[in-house]
Amino acid sequence: MTWPAWPSGARWRRWSGWLARWLLAGTCALAQAASLSDDEVAVEYRDGVYFAHLQLRVAVPQSLALAVLTDFERMPDFMPGLEQSRVLAHSGQRWQVQQQGRLSFGPFRLSFANERLIELLADGRMIATGLSGVRKMRSELRTQAIGSSTLLDYRLELLPEQWIPAGLGVNFMQHELAGQFTALAGEMERRFQAQKHQ
């Protein structure tokens, strides 16, 4: 077997330069891409209520993370399954938001329509309370600046309006929350890169 000749001279410099750029680009992409797998979302089912918790660190400033998290009107552009999102009322750091969409998990399909009251507190927490579309819903999303990154810490307590078997509901919620927060992180990183190149 004859091995190809190893590049040398000018050809080696071009080849090594291309390789270094390719490796650097791949490393940067890996460093910037924040995502969650289903298994990284903790979900418990107790007495008919689902409790969820997740954390995700995103390489963007806290102010940009909050801008995406409160961009309710444009969320259908980047949130999976969300078809409509409207701000019904807005006063200071309080929003009343109505959303509709369809969720899917394997062969299962679920339509949803809900209304929530969302408040952004001075310490960076977002508190959401379900007003319709669920029997009970409360969530708390903490954002914490860590260097040039932002840590998202999310907790949810949910009593669905539609009954879902616990075994299916836990996996379904893990899947949906992982997908939603991966999409949010992706939009944060997209906007951050766009700002850097303006």
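Structure report, in brief. Since this is a predicted model, take the numbers as computed values, not measurements. (Residues numbered from 1 in each chain as written. Predicted model: local features only at pLDDT ≥ 70, side-chain atom pairs only at ≥ 80, totals over all residues. Heavy atoms only, no water.)

Here the structure, examined in full by the defined rule, presents twelve salt bridges. Its salt-bridge partner being Arg74, residue Asp71 comes within 3.0 Å of it at the nearest N-O pair. Among the residues examined, Asp71 registers a relative accessible area of 14% and is labelled buried. In this structure, Arg102 engages Glu83 in a salt bridge whose closest nitrogen and oxygen atoms are separated by 3.7 Å. Here the residue Arg102 occupies a position in strand S4 (residues 94-105), and Glu83 occupies one in strand S3 (residues 82-91), the gap between them amounting to 19 residues. What emerges from the salt-bridge pattern is a single network uniting Asp71, Arg74, Glu187, Arg190 and Arg191. (Salt bridge = Lys/Arg side-chain N within 4 Å of Asp/Glu carboxyl O. Buried < 20%, exposed > 50% of the residue type's maximum accessible area, 1.4 Å probe, protein only. Helix = DSSP H or I, 4+ residues; strand = E, 2+ residues; numbered from the N terminus.)

Grouped together as the largest cluster of nonpolar side chains are 42 residues, with contacts concentrated most on Leu177, Phe181 and Met188. When contributions to this core are tallied by element, the ones reaching two or more residues are strand S2 (49-58), helix H2 (62-69), S4, strand S5 (108-120), strand S6 (125-132), strand S7 (134-146), strand S8 (149-160) and helix H3 (166-196). For this core, the leading source of residues is H3, giving nine residues. Those residues in contact with Met188 that lie beyond four places of it in its chain are Val58, Val60, Leu64, Ala65, Val68, Leu69 and Leu152. (Core = buried A, V, L, I, M, F, W, Y, C linked by side-chain atoms within 4.5 Å. Contact = heavy atoms within 4.5 Å.)

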